[in-house]
Amino acid sequence: MNAPAPQARPAARALLSLDDALARLVAGSLPHALAQTETISTFEALGRVLAADVRSMLDVPPADNTSMDGYAVRAADVPAAGTVLPVSQRIPAGVVGEPLAPGTAARIFTGAQVPPGADAVVMQEQCEAVPDPDGASGAGGLGRVRIQAIPEAGQWVRWRGEDVCAGATVLVRGTRLTPQALGLAASVGAGTLTVLRRPRVALFSTGDELVMPGEPLKPGAIYNSNRFTLRGLLQAGGCEVSDFGIVPDRLDATRQALQRAAAGSDLIVTSGGVSVGEEDHLRPAVRAEGRIENWQIAMKPGKPLAFGAVRRPGGSAQAGEALFVGLPGNPVSSYVTFLLCVSTVLRAMQGLDPALPAPLPLAAAFDWPRPDKRREFLRVRLNAEGALELFPNQSSGVLTSAVWADGLVDNPAGRSIARGDKVRYLPLAELLAR
Ligand code: AMP
Ligand code: MG
């Protein structure tokens, strides 16, 4: 349950607003923008970020074609329902017909090019094959057709270029390639695409209490869930992940892990150990290996967050440094701060718009009488009435809430919610696709 707001707080360091934190993440990430591109098969490009516009060299569709099985005609040849025309040719998809002889119909199948001269297609449901008067079939053995409805010129014809005209830019650089974007690229004949190289991200979890699933749970231990959540989020975001596993709560071990992680990565993401406790070694370790800012962000879940950079071995200016984001250890906190903060860093590094998706105003189907002083991100789910249900336990350790929820309510600091109030809903699908 939501803990009651504390009565009085000790004088604390002023918290950083999430908007300020995001602006600083963007500013700190832009100098690390990825520049290298690679040209890869369109087959392999799902989820990649396009680095060059895709232009079409052709019209799509490349020719007028039919969207129905039926008969291609000149509309003017069918002035009345019941008109009978001889069938002069048969045109399956993939076959190019002859110009349509006046006063005839062409049997035609979906996707086939409409023959020159025809300007309409009559669907076969409105046609009836008729035997020839002499009982034999007509010229070429195709018989005749009775057309039961007067066609309108243009009906059931998909015109050349109605989707894409030759010369048009169909995908712009900076687009994340979705399945439908790959389909569009393929439809204009693009067999390869120029994309940004994948961000290389090193991941490790800190905590002496952590044990991998599959191993027995010793007293005092918990299973390492963040490793799976964060690794999955990175993979889903198109990153090349180097996973350094669990790092013990010791300064030397943390420094060594940072050095190894920095060697081959653009960004290091860690979970746990960023608070100010004596067992939290990330801050001093990153300070020793590079530079760090520690933030207390006015958000819930997810208050502590560290942002900085770790020098790569070699020490030369060329070797540079890997960016560093240290996420809080609580599973929901690390999940939510990844969605809001790490994805912002990754987007800025890839030249994508780093702004959070715009929230949708939707009605709350719950009461939230005791809001936090910090901006809250509540785990909610859209119900069949289009209103938002609240997961009953909003604790930052309750991972079931993250699986149950299909979105977050972005609730301003100190704002109580009554059933029916409009709240700001961020669909997870939008956050995850960033
Ligand atoms: P910390 O930020 O290291 O103080 O951790 C805060 C809380 O999150 C503690 O209860 C930890 O046991 C828990 N925690 C830290 N890392 C993980 C992890 N990788 N998986 C699951 N829980 C974690
Ligand atoms: Mg810890």
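Definitions and cut-offs
By convention here, each chain's residues receive numbers from 1 onward along its written sequence. Both sets of labels track the order of writing: A upward for chains, 1 upward for ligands. Thresholds applied to this predicted model are a pLDDT of at least 70 for local features of residues and 80 or more for the giving and counting of side-chain atom pairs; totals over whole chains, interfaces and linings are not thresholded and use all residues. Excluded from the side-chain calculation are hydrogens and water; included are all heavy atoms of the structure. Think of it this way: DSSP has to see at least two bridges between two strands before they count as a pair. Put simply, DSSP H or I for four residues or longer makes a helix, DSSP E for two residues or longer makes a strand, and each gets a number counted from the N terminus. Here an angle of 0 to 180 degrees is reported between the N-to-C directions of two axes, which are lines fitted to C-alpha atoms, with helices fitted over the stretch in contact. For this analysis, residues touch if any pair of their heavy atoms sits within 4.5 Å. Geometric relationships in this document are graded by angle, where less than 35 degrees denotes roughly parallel, more than 145 denotes roughly antiparallel, 65 to 115 denotes roughly perpendicular, and other angles denote oblique. Crossings are assigned a handedness: left-handed for a near helix turned anticlockwise from the far helix by less than a right angle, right-handed for a clockwise turn. The classification used treats Ala, Val, Leu, Ile, Met, Phe, Trp, Tyr, Cys and Pro as nonpolar, Asp, Glu, Lys and Arg as charged, and all other residues, Gly among them, as polar. Each residue is tested against the molecule or strand, and it is near if at least one of its non-hydrogen atoms lies within 4 Å. The term polar contact refers here to a pair of N or O atoms within 3.5 Å; inside protein, the definition further demands a hydrogen-donor-capable atom paired with an acceptor-capable atom, and it admits residues adjacent in sequence only when both atoms are side-chain atoms. We get accessible surface area from the Shrake-Rupley algorithm with a probe of 1.4 Å; when it comes to residues, only the shown protein chains can shield them. Side-chain rings of Phe, Tyr and Trp, where Trp is taken by its six-membered ring, are said to pair if the distance between their centres is within 6.5 Å; with planes under 30 degrees apart they count as stacked, over 60 as edge-to-face, and otherwise as tilted. Each residue gets one of three labels from its accessible area relative to the maximum for its type: buried under 20%, exposed over 50%, partly exposed in between, using a 1.4 Å probe on protein chains only. By definition here, a salt bridge exists when the distance from a side-chain nitrogen of Lys or Arg to a carboxyl oxygen of Asp or Glu is within 4 Å.

*Asks:* Got a minute to help me understand the sheet that holds strand 17 (residues 267-271) in this structure?
*Replies:* The strands making up a sheet associate through backbone hydrogen bonding, with each pair oriented either parallel or antiparallel. On the basis of which strands lie adjacent, the open sheet formed by six strands has the order 16-13-17-21-20-18 and mixed pairing. With partners counted over all chains shown, the strands left at the sheet margins are strand 16 (240-247) and strand 18 (290-296), one partner each. Pairs of neighbouring strands in the sheet enclose a mean axial angle of 15°, with direction left out of account. The sheet contact formed by strand 13 (residues 200-206) and strand 17 spans five bridges and is parallel. Each bridged residue has a counterpart across the sheet, and for Phe-204 the counterpart in strand 17 is Thr-270. Packing of helix 6 (residues 331-349) onto the sheet brings it into contact with strand 13, strand 17, strand 20 (304-311) and strand 21 (321-327), and relative to strand 21 it is tilted by some 160°.

*Asks:* Even after reading the chapter, I still don't get the packing of helix 3 (residues 226-236) against helix 6, so can you show me in this structure?
*Replies:* How two helices sit against one another is set out by the angle between their axes and by the gap between those axes. Between helix 3 and helix 6, whose axes approach to 10 Å, the crossing angle comes to 25°. Taken as axis vectors, helix 3 and helix 6 run roughly parallel relative to one another. As for how helix 3 packs across helix 6, the hand of that crossing is right-handed. Each of Asn-226, Thr-229, Leu-230, Leu-233 and Leu-234 in helix 3 lies in contact with helix 6, whose residues at this interface are Pro-331, Ser-334, Tyr-335, Phe-338, Leu-339 and Leu-346. Here the contact of helix 3 with helix 6 is composed, by residue class, of eight nonpolar, three polar and no charged.

*Asks:* What should I look at first to understand the site of ligand 1 in this one?
*Replies:* Near ligand 1 lie 15 residues; those nearest to it are Glu-209, Asn-224, Ser-225, Gly-273 and Gly-329. Here an oxygen atom of ligand 1 sits 3.1 Å away from a polar atom, N or O, in the main chain of Gly-329. Here ligand 1 loses 77% of its free accessible area of 480 Å² to cover by the protein chains. Of all the elements in the fold, those that place two or more residues in the shell around ligand 1 are strand 13 and strand 15 (222-223). Taken together, the residues of the shell around ligand 1 sort by class into four nonpolar, ten polar and one charged.

*Asks:* Got a minute to help me understand the sheet that holds strand 7 (residues 120-123) in this structure?
*Replies:* Strand order in the open sheet formed by six strands is 7-4-6-5-9-8, and the pairing between neighbours is mixed. Single-partner strands in this sheet number two, and they are strand 7 and strand 8 (127-130). Averaged over all pairs of adjacent strands, the angle between their axes in this sheet comes to 40°, without regard to strand direction. In this structure, strand 5 (residues 83-91) lies alongside strand 9 (residues 144-147), joined through four bridges in antiparallel fashion. Paired with Leu-85 across the two strands is Val-145, which belongs to strand 9.

*Asks:* Help me understand the packing of aromatic side chains in this model?
*Replies:* When we look at a pair of aromatic rings, we describe it by the centre distance and by the angle of the planes. In this structure the tally under the stated criterion is two aromatic pairs. An angle of 45° between the planes, with centres 5.8 Å apart, marks the rings of Trp-295 and Phe-307 as tilted. Within this pair, whereas Trp-295 is found in strand 18, its partner Phe-307 is found in strand 20, the two being separated by twelve residues in sequence. The two residues Trp-295 and Phe-307 agree in class, both being buried.

*Asks:* How should the pattern of salt bridges be read in this particular structure?
*Replies:* As a working rule, side chains carrying opposite charge can pair if their charged atoms are close by. In total, this model carries 16 salt bridges according to the counting rule given. Here Arg-197 and Asp-266 are joined by a salt bridge, their closest N and O atoms 2.9 Å apart. Of this pair, Arg-197 sits in the loop between strand 12 (192-196) and strand 13 while Asp-266 sits in the loop between helix 4 (251-263) and strand 17, placing them 69 residues apart in sequence. Across the pair, Asp-266 and Arg-197 agree in class, each one buried. Between Arg-291 and Glu-321 there is a salt bridge, and its shortest N-O distance comes to 2.4 Å. Linking Arg-291 in strand 18 with Glu-321 in strand 21, this pair joins segments that are 30 residues apart in sequence. Put simply, Asp-19, Arg-375, Asp-410 and Arg-424 are held in one network by salt bridges that share partners.

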